[in-house]
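# Understanding the architecture of this molecule
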Amino acid sequence: MKKAMSYGILASFFFAFTFLLNRSMNLAGGYWLWSACLRYLFMLPMLALLLFIRKGSQIRPVCAAIQKTPAPWLAWSTVGFGLFYLPLTLASVYGESWLTAASWQITIVAGVLLTPLFGKKIPLKNLAMSALILVGVAILQLPHMSGQTFQNNCAAFVPILIAAFSYPLGNRKMMQLCPPEFDTLQRVFGMTLCSTPFWILSAIAAFVKSGPPAAGQIIQSLGVALFSGVIATILFFHATDLVKENQKKLAAVEATQCGEVLFTLLGGILVLGDPFPGLLSFLGIILIIIGMIANSLLAG
């Protein structure tokens, strides 16, 4: 369990690059839809190269598994990656990077609430601790809930809500669908491959709307693909694989994503010049940390 929690926290550090770089691209005038689809279009060759370097034959079993049940692979990969990342990228248009990261923590409760879909009871203690994390998130945002910032937060809520449920749902469905001999890298590669039609259509729409992406957006999207898409996703999916048979532990590992708020907050202040949080916001950060530690203790 310690190993799974460590992987989850480390993944949250690399996931923070999503919010920071997406916000940076928005501030530079990059079209949000390009930011979304470029990440996964760049991820595919990266993951394929990793599999080939490690052992080229590992790509064949993935393709064979997809050929056996193409519809579920395409559907749940699109949910887990497409309906997760496209709305989340859209939400980043509306506010500071750490505020988007804070709102995204709704996914912690979403993951707990999805438990009955997989034949298990909702772990109520984990739900309570996850709710504590959300209280911290709410307090963190209170100083920013007025004027234009309040309107932006409201506009971002619906896409964040869609993303918050899509990510754990797609991930858990794919854990059930993948053959037991598949490792995390094979699962992430297969999901990226099967979500590619969705991203190609998104890229066509982005080109029609705004033309080709600028060089700066391409470079930063490469950074998102590497740090968040490849490194963070593999770390997080491996963490969930380690505890997938225990819903309480799975909920605890998913709660490590709240670390994204802290890492994004620091990065936003140091890199993007975001305003420093006040005392009330620091109280929210403390509650987030308490909730994450409590989830870990509950899972043993």
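Scroll up a little and you will see the structure.
We now turn to the structure provided with this report.

The rules behind the values
Residues numbered from 1 in each chain as written. Predicted model: local features only at pLDDT ≥ 70, side-chain atom pairs only at ≥ 80, totals over all residues. Heavy atoms only, no water. Axes fitted to C-alpha atoms, helices over the stretch in contact; angles between N-to-C directions. Helix = DSSP H or I, 4+ residues; strand = E, 2+ residues; numbered from the N terminus. Parallel < 35°, antiparallel > 145°, perpendicular 65-115°, else oblique. Left-handed = near helix turned anticlockwise from the far one by under 90°. Contact = heavy atoms within 4.5 Å. Nonpolar A, V, L, I, M, F, W, Y, C, P; charged D, E, K, R; others polar. Phe/Tyr/Trp six-rings, centres within 6.5 Å; stacked < 30°, edge-to-face > 60°. Buried < 20%, exposed > 50% of the residue type's maximum accessible area, 1.4 Å probe, protein only. Lys NZ or Arg CZ within 6 Å of the ring centre and 35° of its normal. Polar contact = N/O pair within 3.5 Å; in protein donor to acceptor, adjacent residues only side chain to side chain. Patch = residues over 30% accessible without salt bridge, like charges linked within 9 Å, V, L, I, M, F, W, Y side chains within 5 Å. Areas by Shrake-Rupley, 256 points an atom, 1.4 Å probe, with all protein chains shown as cover. Salt bridge = Lys/Arg side-chain N within 4 Å of Asp/Glu carboxyl O. Core = buried A, V, L, I, M, F, W, Y, C linked by side-chain atoms within 4.5 Å.

### A closer look at the packing of helix α6 (residues 106-113) against helix α7 (residues 124-141)
Where α6 meets α7, the closest approach of the two axes is 8 Å, and the angle between their N-to-C directions is 165°. Relative to α7, α6 is oriented roughly antiparallel. When the axes of α6 and α7 are compared, the crossing they make is left-handed. From α6, I106, I108, V109, V112 and L113 reach across to α7, where they touch L127, S130, A131, I133 and L134. Residue composition of the contact of α6 with α7, by class: 9 nonpolar, 1 polar and no charged.

### Here's the deal with the packing of aromatic side chains
Note on aromatic pairs: each is described by the distance of the centres and the angle between the planes. One pass over the structure, following the stated rule, counts 21 aromatic pairs. Relative to Y167, the ring of F84 has its centre 4.3 Å away and its plane inclined at 40°; by these criteria the two rings are tilted. Taken together, the positions of F84 in helix α4 (residues 70-91) and Y167 in helix α8 (residues 147-177) put the pair 83 residues apart, joining distant regions of the chain. Per residue, the accessibility class of F84 equals that of Y167, and both read buried. Cluster of aromatic residues (ring-pair linked, three or more members): F15, Y40, F81, F84, Y85, W104, Y167, F198, W199, F236 and F237. Directly above the ring of Y85 sits R39, whose terminal nitrogen or CZ lies 4.2 Å from the centroid.

### Some remarks on the side chain of S12
Residue position: S12 is located in helix α1 (residues 2-27). Judged by its relative accessible area of 1%, S12 is buried. Of the polar contacts made by the side chain of S12, one reaches the backbone oxygen of I9; its length is 2.6 Å. Setting aside anything within four residues of it in sequence, one finds S12 in contact with T256, Q257, G259, E260 and F263.

### Here's the deal with the side chain of Q186
Counting through the fold element by element, Q186 comes out in helix α9 (residues 184-210). For Q186, a relative accessible area of 5% corresponds to the buried category.

### Section: a nonpolar patch on the surface
Taken together, the side chains of L83, F157, V158, L161 and I162 make up a nonpolar region of the molecular surface, amounting to roughly 410 Å² of accessible area. The greatest single-element share of the nonpolar patch, amounting to 4 residues, is contributed by α8. Judged by relative accessible area, which is 52%, V158 ranks as exposed.

### Comments concerning the nonpolar core
The biggest cluster of nonpolar side chains holds 61 residues, and the ones touching the most others in it are W73, F84 and W104. Looking at which element gives the most residues to this core, the answer is helix α2 (residues 32-55), with 11 residues. Look past the residues within four positions of W104 in its chain and what remains in contact with it is F19, F84, L88, I160, A163, A164, Y167, Q257 and E260. The next biggest cluster of nonpolar side chains, apart from the first, holds 14 residues, and it includes L99, V137, L140 and L265.

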